[in-house]
Amino acid sequence: MKEIFDTHAHYDDSAFDEDRDVLLGRILSENVFAVVNQGTDLKSSKFSLELAEKYDGVYAAVGLHPELVNENSVSELEEIKKLASHPKAVAIGEIGLDYYYDTPKDIQKQVFSAQMEIANELSKPVNIHDREAHGDTLELLKKYRPKGILHCFSGSAEMAKEVVKLGMYIGIGGVITFKNARKTVEVVSSIPLERIVLETDCPYLAPVPFRGKRNNSSYIEYTAEKIAEIRSISKEEVLRITKENACKVYNVY
Ligand code: NI
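Residues numbered from 1 in each chain as written. Predicted model: local features only at pLDDT ≥ 70, side-chain atom pairs only at ≥ 80, totals over all residues. Heavy atoms only, no water.

## Describing the nonpolar core
Okay, step 1: Grouped together as the largest cluster of nonpolar side chains are 68 residues, with contacts concentrated most on Tyr-11 and Ile-170.
Okay, step 2: Looking at this core element by element, the count peaks at seven residues for helix 4 (residues 105-121).
Okay, step 3: Apart from the residues lying within four places of it in its own chain, the contact partners of Tyr-11 are Phe-16, Arg-20, Leu-23, Leu-24, Ile-27, Val-35, Asn-37, Phe-47, Leu-51, Cys-202, Asn-216 and Ser-217.
Okay, step 4: Counting 15 residues, the second largest nonpolar core, distinct from the first, contains Phe-5, Val-36, Ala-61 and Val-249. (Core = buried A, V, L, I, M, F, W, Y, C linked by side-chain atoms within 4.5 Å. Buried < 20%, exposed > 50% of the residue type's maximum accessible area, 1.4 Å probe, protein only. Helix = DSSP H or I, 4+ residues; strand = E, 2+ residues; numbered from the N terminus. Contact = heavy atoms within 4.5 Å.)

Structure, rendered in structure tokens:
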């Protein structure tokens, strides 16, 4: 049964250079129903579309990642919009705010806002990266009201509830299986399962027992297992409901 929907992956990463095709071929024929590969710049957005053209189960998000934006990014927005009109471009991502690094906040906010406008204009969802920028992210979400997912959610349960109120989804990945995941566990217990989607962010953030190793979409089993334990339901139910949610938000059937 193909019950896994990986809503956020980076198979363009060089960590997959050696066996990308073998790995994708295998997991898509085993337990992975769909993968949305995220763009981080123009090059990886194009690569995501190439992967999506090659594999039925792979879809692309195109966008400029906050960690990589600079003054030139504004001139790349037109190209992002063009790429987003591809039939297998299901979202604008990964976009957002990252205050962990020193990229100026003003340019991050400008490029994030412009990409939410593109998403709204094309009626596509967004996939959002928010690292140490919860306040500004929430403020801009309230202003632009995009549809979509907050990926690798690291905010509080209170923020998760606000995001859910805005009609958005919360992306949960391998971090939930880590020992120090108390905050994420609280998030998962306090919002409806109908608002949770699963992801890897591979090659990073592999769940226990693969923590520290290269991640891939089939490991979402372990993330689902942990959520099942937290919610006292079966792993199958977690996978079924989160897959339905992902299909709905990305309009993939
Ligand atoms: Ni990512």
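## Some thoughts on helix 7 (residues 182-190)
Okay, step 1: Among all positions in helix 7, only Thr-184, Val-187 and Val-188 are buried. For helix 7, the arc enclosing every buried residue in end-on projection is 95°, short of the 170-degree limit, so these residues lie on one face.
Okay, step 2: Here the buried face of helix 7 lies against helix 6 (157-165), strand 7 (169-172), strand 8 (196-198) and helix 8 (220-231). (Arc of directions from axis to C-beta.)

## Observations concerning the side chain of Asp-130
Okay, step 1: Assignment of secondary structure puts Asp-130 in strand 5 (residues 126-131).
Okay, step 2: Buried charged residue Asp-130 carries no salt bridge. Nearest counter-charge: Arg-131, at 8.9 Å.
Okay, step 3: Only 2.6 Å separates the side chain of Asp-130 from the side chain of His-134, close enough to count as a polar contact.
Okay, step 4: Among all residues touching Asp-130, those that are not within four sequence positions of it are Leu-97, Thr-137, Leu-150, Ser-154 and Met-159. (Lys, Arg positive; Asp, Glu negative; His and termini not counted. Salt bridge = Lys/Arg side-chain N within 4 Å of Asp/Glu carboxyl O. Polar contact = N/O pair within 3.5 Å; in protein donor to acceptor, adjacent residues only side chain to side chain.)

## Here we look at the coordination of the nickel ion
Okay, step 1: At 2.2 to 2.3 Å from the nickel ion lie its protein donor atoms, namely His-8 (NE2), His-10 (NE2), Glu-94 (OE) and Asp-201 (OD).
Okay, step 2: For the nickel ion, all donor residues lie on one chain, and their spacing in sequence is H-x1-H-x83-E-x106-D. With His-8 in strand 1 (residues 4-9) and Asp-201 in the loop between strand 8 and helix 8, this pair connects stretches of sequence that are 193 residues apart.
Okay, step 3: Residue classification places His-8 among the buried residues on the basis of a relative accessible area of 0%.
Okay, step 4: With relative accessibility at 11%, the residue Asp-201 sits in the buried group. (Donors = N, O, S within 2.8 Å, 3.2 Å for Na, K, Ca; no water.)

## Concerning the pairing of strand 1
Okay, step 1: Among the six residues in strand 1, six count as buried, and that is most of the element.
Okay, step 2: Summarising the sheet, strand 1 and strand 2 (residues 32-38) pair through four bridges and their orientation is parallel. Of the residues in strand 2, the one forming a bridge with Asp-6 is Val-35.
Okay, step 3: On the question of chirality, the crossover connecting strand 1 to the parallel strand 2 by way of helix 1 (residues 20-29) is right-handed. (Pairing = 2+ DSSP bridges. Right-handed = clockwise from strand over helix to strand, strands pointing away.)

## Remarks on the packing of aromatic side chains
Okay, step 1: Under the definition given, this model contains seven aromatic pairs.
Okay, step 2: Measuring from centroid to centroid gives 4.0 Å for Phe-210 and Tyr-219, while their planes differ by 5°, and the two rings are stacked.
Okay, step 3: Judged by its relative accessible area of 18%, Tyr-219 falls in the buried class.
Okay, step 4: Relative to Tyr-222, the ring of Tyr-219 lies with its centre 6.5 Å away and its plane at 80°, an arrangement referred to as edge-to-face.
Okay, step 5: A relative accessible area of 33% means that Tyr-222 is categorised as partly exposed.
Okay, step 6: Through successive ring pairs, a cluster of aromatic residues spans Phe-5, Phe-33 and Tyr-250.
Okay, step 7: We note Arg-195 situated over the ring of Tyr-169; from NZ or CZ to the ring centre the distance is 4.5 Å. (Phe/Tyr/Trp six-rings, centres within 6.5 Å; stacked < 30°, edge-to-face > 60°. Lys NZ or Arg CZ within 6 Å of the ring centre and 35° of its normal.)

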